[in-house]
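Spelled out, the chains give:
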Protein chains: 2
Amino acid sequence: MTHILKLGGSVITEKHRAETLDGEALDAAADAVADAVVDGAVSELVLVHGGGSFGHHHASEAGVSTTHGTDDTADAIAIHSAMKALNQFVLSRLHERGVPALPVHPLSAGSRDEQGELSLPLGQVETMLGEGFVPVLHGDVIATAEEGVTVLSGDEIVTEAAVALDAERVGLCSTVPGVLDDEDVIPEITTFEDVAAVLGGSDVAADVTGGMAAKVKQLLDLGVPASVFGPDAISAFLAGEEPGTTVHGR
Amino acid sequence: MTHILKLGGSVITEKHRAETLDGEALDAAADAVADAVVDGAVSELVLVHGGGSFGHHHASEAGVSTTHGTDDTADAIAIHSAMKALNQFVLSRLHERGVPALPVHPLSAGSRDEQGELSLPLGQVETMLGEGFVPVLHGDVIATAEEGVTVLSGDEIVTEAAVALDAERVGLCSTVPGVLDDEDVIPEITTFEDVAAVLGGSDVAADVTGGMAAKVKQLLDLGVPASVFGPDAISAFLAGEEPGTTVHGR
C-alpha cells in the first residue's frame, strides 16, 4: 500500500527569503514521517517536496515556468542546484531520525516532449520501495523538447506518481489546514465547479507552479482520494485519517 | 550523430587517495571536450565518468559491488554522495569552459531487477541532446531488487547508452594508451579469444567494477566500434580518429 506525501515548499522553507530553510517546520515534518515509517504504520512511502524559496527564487529570476523554458545552462543549474540543496536538507533530517531515505532528482529521470507532455519513468522508485527505502523527489527543472528546460512542480510529480505507482493514498501538506471557504476548511471536494468561486485564482500569481486552484484541478483528475492539510496533520494523515480537505475526483 | 565519451575514474582522480581529484588531468580532459563541443565538431555528446577514488573507496568499505548490494542507507548515501561530489567537479570544469553540461545521476534514473538486469530509461538524455545540452552521467549506486542497492559502473552505463541512444562512436579514456600486449597498443580487437591470454584478468581485483578484461568483453557486445585510449587522445577521438585500441564486436 503506497502512500505519497508532498511537503509543500512553503511549509519547509521561509518562502519570502531566498534559499532559507524553515528548520523547525522541517524537523516537525521529519518527526511525523519518522514516527510513521520507523514504527511500521506506513510500509511504502514516497515523499515529494516543493521548491519554496529555493527553487522559486531562481526560477522567477530566470523567467522559467512549467511551460516557458530556458536553454541557458547557468540558469538551469542554478535552479537545479538550489533544489538539490533543499533536498539534501530534507534527506539529512530524515536520516537523523532513521528514515531510509534516498534522493530521486527529476532532472535525472524524466523529460517533456514538444507538447509539454511529461514522461517520468518510475521503475527506480518502485524498486526502492520494494527494498524498504523511502524515495524523496522534488520540484526541479526538466529537459523539454524545444524549450531547453522547464520547471517540473512537486504537484505534477505527485499526480504522475500517484497514477504510475497506483498509490492508495495521497497527502499534500500545505501551510493552510485545507482548502478554505473564508475561514472554514471544506472537508470534501468532488467537482471543481463546487469550489471555483471560492478558489478564484488569487494565489496563483505568487507561485510559478500554480496555487490552490491548480492543485485542486490536478487532484480531481488523480483517480485516488487526496487530502490537503496543514503541517500539524501529517501524523494524522499517515495514521490513516483524512485531515483537512479530501479531494475525490472521478 | 551521438558520441559517448567515458572518462575513467582513474584518469580524473588520484585512484589511491580517497576522494582526491586529479585536477590537472580533469582540466586537460575538459579542455579537449570544450574544444570539440564549442567549435561544433561534435554535435551530440554524452559524457560518462567513473568513480575512481570517490566511489570505489566507499564501495569497497561497504562491501558493495555490481552484484552484491547493501540495504544500509548510510552506505548507499556515502557512495552516492561521493560520486555526486566528483560529478560536481566535472560539471564545474566543463561550465567554466562554456560546455552546456547537465548532470544525470543514475540512482535517480534506473534500477536492476531480481536477475540483476539493468533498466536505465534514457529519454531525459535524448531530450537533453536534442536541446543542445551535454548530459554527464557517472558510476553510482542503483536500486536493485533483493539486494538494496548495487554498484552501477560507468562501463555498464556506456554499454547501455550506446545501444539505447544508437550511438555512432564510443570512446573510453583510460590511464593507458589502449589495450596493451606487453608495451604495445593492440590497434584492433574483434574477438575476446584474440586477447584473452594477454588480458588474463590481472587488474580485475583492483577495481570493484572490473578491469580491462571486463571492459573488452562489454565492448565486443556493443554493436558499435569503441576506442580505448589514453588521456592525450581525447581530442583525436572527438575529431573523428580512432586512437588507441578500437574494439569491433559483432
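Higher on the page you've got the structure.
Residues numbered from 1 in each chain as written. Chains lettered and ligands numbered in written order. Predicted model: local features only at pLDDT ≥ 70, side-chain atom pairs only at ≥ 80, totals over all residues. Heavy atoms only, no water.

Asks: Got a minute to help me understand helix α6 (residues 123–130) of chain B in this structure?
Replies: Structurally, the α-helix is built with 3.6 residues per turn, so residues lying three or four positions apart point the same way. Among the residues of α6(B), B:Gln124, B:Val125, B:Thr127, B:Met128 and B:Leu129 are the ones counted as buried. Looking one or two residues past α6(B), B:Gly132 carries a phi angle of roughly 90°, positive in sign. (Buried < 20%, exposed > 50% of the residue type's maximum accessible area, 1.4 Å probe, protein only. Helix = DSSP H or I, 4+ residues; strand = E, 2+ residues; numbered from the N terminus.)

Asks: Help me understand the pairing of strand β6 (residues 134–138) of chain B in this model?
Replies: Strand residues, when the strand is regular, have side chains that alternate between the two faces of the sheet. Residues and elements named next belong to chain B. Across the 5 residues of β6, 5 count as buried, placing the element largely inside the fold. Residue alternation in β6 divides its side chains into two sets, Val134, Val136 and His138 and Pro135 and Leu137, and both sets are buried. Sheet topology places strand β2 (residues 44–49) next to β6; 3 bridges connect them, and they run parallel. Residue pairing in the sheet places Leu47 in a bridge with Val136 of β6. Strand direction decides the pairing type here: strand β3 (residues 101–103) and β6, joined by 3 bridges, are parallel. Within β6, the position partnered with Pro103 by the bridge is Val136. (Pairing = 2+ DSSP bridges.)

Asks: What exactly am I supposed to notice about the interface of chain A and chain B here?
Replies: A common way to state how big an interface is: give the accessible area lost once the parts meet. Contacts between chain A and chain B engage 34 residues on the former and 34 residues on the latter. For the pair chain A and chain B, the summed buried surface comes to about 2400 Å²; carbon and sulfur atoms form 65% of the total. Applying the counting criterion to the chain A and chain B interface returns 0 salt bridges. Taken together, chain A and chain B are joined by 14 residue pairs in polar contact (both at pLDDT 80 or more). Taken together, the elements giving at least two residues each to the side of chain A that touches chain B come down to α4 (73–96), β3 (101–103), α5 (106–109), β4 (111–112), α6 (123–130), β7 (140–144) and β8 (148–152) of chain A. (Contact = heavy atoms within 4.5 Å. Buried area = accessible area lost by both parts, 1.4 Å probe. Salt bridge = Lys/Arg side-chain N within 4 Å of Asp/Glu carboxyl O. Polar contact = N/O pair within 3.5 Å; in protein donor to acceptor, adjacent residues only side chain to side chain.)

Asks: What exactly am I supposed to notice about the sheet that holds strand β7 (residues 140–144) of chain B here?
Replies: Residue and element names in this part refer to chain B. Within the open sheet, the 4 strands sit side by side as β5-β4-β7-β8. Their pairing is mixed. This sheet does not close on itself; its edge strands, each paired only once, are β5 (118–119) and β8 (148–152). Pairing between strand β4 (residues 111–112) and β7: 2 bridges, direction parallel. If you follow Ser111 over to β7, its bridge partner there is Ala143. Where helix α7 (residues 154–164) meets the sheet, its contacts fall on β4, β5 and β8, and the angle it forms with β8 comes to roughly 80°. (Axes fitted to C-alpha atoms, helices over the stretch in contact; angles between N-to-C directions.)

Asks: How do you make sense of the sheet that holds β4(A) when you look at a structure like this?
Replies: Sheet strands line up and pair through hydrogen bonds in the backbone, either parallel or antiparallel. Residues and elements named next belong to chain A. What the 4 strands build is an open sheet, ordered β5-β4-β7-β8; its pairing is mixed. Two strands bound the open sheet, and with one partner strand each, they are β5 (118–119) and β8. Where β7 and β8 come together, 5 bridges link them in antiparallel fashion. Bridge assignment links Ala143 to a residue of β8, and that residue is Val149. Together, β7 and β8 form the strand contacts of α4, whose direction differs from that of β7 by roughly 140°.

Asks: I tried to follow empty space enclosed by the protein on my own but got confused; where do I start?
Replies: The rolling of a water-molecule-sized probe over the atoms marks out the regions of remaining empty space. Enumeration according to the criterion identifies 1 cavity of 30 Å³ or more in this entry. As for the largest cavity, its lining consists of A:Ile77, A:His80, A:Ser81, A:Lys84, B:Gln88, B:Leu91, B:His95 and B:Pro103. By residue number, the principal contributor to the lining of the largest cavity is α4(A), which donates 4 residues. Within the lining of the largest cavity, the residues separate by chemical class into 3 nonpolar, 4 polar and 1 charged. (1 Å grid on protein atoms, 1.4 Å probe; cavity = no way out; pocket = protein on both sides within 12 Å on 5 of 7 lines; lining within 4 Å. Points joined across faces, edges and corners; volume = space filled by probe spheres on them. Nonpolar A, V, L, I, M, F, W, Y, C, P; charged D, E, K, R; others polar.)

Asks: Help me out: how do you make sense of the packing of helix α3 (residues 52–62) of chain B against helix α4 (residues 73–96) of chain B in this one?
Replies: Packed helix pairs are characterised by how far apart their axes lie and by the angle those axes make with each other. Residue and element names in this part refer to chain B. Packing of α3 against α4 brings their axes to within 8 Å, and their N-to-C directions diverge by 170°. In terms of orientation, α3 and α4 fall into the roughly antiparallel class. Of the residues in α4, those in contact with Phe54, Gly55, His58, Ala59 and Ala62 of α3 are Asp75, Ala78, Ile79, Ala82, Met83, Leu86 and Phe89. Split by residue class, the contact of α3 with α4 holds 9 nonpolar, 2 polar and 1 charged. (Parallel < 35°, antiparallel > 145°, perpendicular 65-115°, else oblique.)

Asks: I would appreciate a short explanation of the packing of aromatic side chains in the present structure.
Replies: Counted according to the given criterion, the structure contains 4 aromatic pairs over all chains. Over the ring of A:Phe237 we find A:Arg169, and its NZ or CZ is 4.4 Å from the ring centre. (Phe/Tyr/Trp six-rings, centres within 6.5 Å; stacked < 30°, edge-to-face > 60°. Lys NZ or Arg CZ within 6 Å of the ring centre and 35° of its normal.)

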